[in-house]
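A closer look at the structure
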Amino acid sequence: MSVGGIAYHQATEHSWFSVRQGNYRLDWSLKPNVFKEYPPQCRRVAWRDTGINELLRLAASLRDERHYPGVSYFLRVQPSAGALYPNELYLQCRGVEGIEDGLYYYAPHEESLVQLAPLDKEEGIKAIRGVVFCVTGLYYRSSWKYRNRALRYLYLDTGHLLGALEAAAWATNTPFEATLNIDAAMLSHAFGCWPDEWPMALAVAGVIEDQKITMPHRAGETFPSPDRFVRYPFIEEQRQLIDAEVLTQQPITPPKLSYDRKLLKQAILTRRSIRAFEGRALEREAFETILSWGTEPLLLREAKPPKLWSVVNHVKGLRRGIYRDGDVLVEGDFRAQAGYLALEQALGSESGVTFFMSGSGKEYKAAMISAGWVGQRLYLAATLLGVGASGIGAYYDAKVQSFLNTDDLIYYTFAIGY
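These notes cover the structure that comes with them. (Residues numbered from 1 in each chain as written. Predicted model: local features only at pLDDT ≥ 70, side-chain atom pairs only at ≥ 80, totals over all residues. Heavy atoms only, no water.)

1. Brief notes about the layout of surface pockets
The space that makes up the largest pocket amounts to roughly 1,400 Å³. Lining the largest pocket are 45 residues; nearest its centre among them are Gly82, Lys145, Tyr146, Tyr153 and Ala394. Elements represented by at least two residues in the lining of the largest pocket include exactly strand E2 (62-68), strand E3 (71-76), helix H3 (140-146), helix H4 (150-171) and strand E14 (388-392). Counting residues per element, the lining of the largest pocket draws most heavily on H4, at four residues. (1 Å grid on protein atoms, 1.4 Å probe; cavity = no way out; pocket = protein on both sides within 12 Å on 5 of 7 lines; lining within 4 Å. Points joined across faces, edges and corners; volume = space filled by probe spheres on them. Helix = DSSP H or I, 4+ residues; strand = E, 2+ residues; numbered from the N terminus.)

2. Some words on the sheet that holds strand E15 (residues 409-417)
One key point about sheets: their strands pair by backbone hydrogen bonds, in either a parallel or an antiparallel sense. Ordered by their spatial adjacency, six strands build an open sheet running E12-E11-E10-E13-E15-E14, and the pairing between neighbours is antiparallel. The outermost strands of the open sheet, each flanked by one partner alone, are strand E12 (327-331) and E14. Adjacent strand axes in the sheet meet at a mean angle of 25° when their direction is disregarded. (Pairing = 2+ DSSP bridges. Axes fitted to C-alpha atoms, helices over the stretch in contact; angles between N-to-C directions.)

3. Re the sheet that holds strand E9 (residues 198-208)
Pairing in this open sheet of seven strands is antiparallel, and the strands run E1-E6-E5-E4-E7-E9-E8 from one edge to the other. Looking at the sheet topology across the chains shown, the edges are occupied by strand E1 (44-46) and strand E8 (176-179). The mean angle between the axes of side-by-side strands here comes to 30°, regardless of whether they run parallel or antiparallel. Pairing analysis gives eight bridges linking strand E4 (residues 87-94) to strand E7 (residues 128-137), with the strands arranged antiparallel. Each residue of the ladder has a partner; that of Tyr90, found in E7, is Cys134. Most of the contacts of H4 go to E9, to which it runs at about 10°, and overall it touches E4, E7, E8 and E9. (Contact = heavy atoms within 4.5 Å.)

4. Here we look at the environment of Glu100
Relative to the helices and strands, Glu100 is located in the loop between E4 and strand E5 (102-107). Its relative accessible area of 39% is what places Glu100 among the partly exposed residues. On a C-alpha basis, the gap between Glu100 and Asp120 in space is 9.9 Å, while along the polypeptide they are 20 residues apart. Here the side chain of Glu100 touches Gln115 through a polar contact of 3.1 Å, side chain to side chain. (Buried < 20%, exposed > 50% of the residue type's maximum accessible area, 1.4 Å probe, protein only. Polar contact = N/O pair within 3.5 Å; in protein donor to acceptor, adjacent residues only side chain to side chain.)

Laid out in structure tokens, this is it:
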């Protein structure tokens, strides 16, 4: 019997029948907030006045607002399923110009850092000169729309955010690495997380120092959640089983990617998800460059990079067909199938290439977060080359497996083209 992440993934598969059954309607009165709020008495620091201004601007700042009758969406430099942004970001700052050493909450809507506690010289999450980021997750921001499948999106969005942090570090020439092996209880206490807010990952942007530190002792209260919250016991139970899986750590291998920092900054700030393709052919060199960004090692100690399948629809100099890691497996015109598999979205059939990411499902949390991270790299590589891109989190799981002739779980779908 399947357990942990594999069981969860299989239990939340989409099929032609599952997406059409029932009469589910979104309850807009229960839509969660996408920003965490702190009371006015909490001390705030304008992050634009600090030495990490550029790092934070490129890592997680707001880039656009969309207003519709009765609802507004705030878009950030990284994408999120449904623009629901279930992740929050906390910082430990030490030795950063313009800001006191301490623990902070990153408030993108205020362009500020909310101070949670100061740190003395012997305290900290990690001994570092620079920033330690703590990424947390609030699953109910996604389950409001995606119900039990929301845990998938929480992991993918965590990967996208880590990928955005990585790109910001590259663009600012800052050393960077991340880990999923964390002391969640300690981090939750240190940063004053809400009871249903789960620490997901730590990332270091700076220089790790060889000094011993003690865990910080929080000053002040943990403020209660004012958010709307509908509990999903299935998600909470499955998350506990998934967190019990042992994640294998490995040495980090730096990726071999070339980029111009100025152009990378521009790509980070202008990246968007395309809504439709014109169906024009993609240059082969562009496809191969984007593919290389998706197959280079991740700066994550528990990385489980997915297999990357490519359905080539329109690429100059390449035969149509199914490819894996750049090698053709089956020739043929599979445009109609790719569109159908992507939940009957034209993005899948009119793209230059539609990617499918897959894996065994072992060490599920690391695998899904890695897939999201790869998705963020694909976005940035495409944007650098002026190619449209869109992540697709909904697809017919079993049908994709059959199409690719694999027993792997399907983690993510991604389309690029003009």
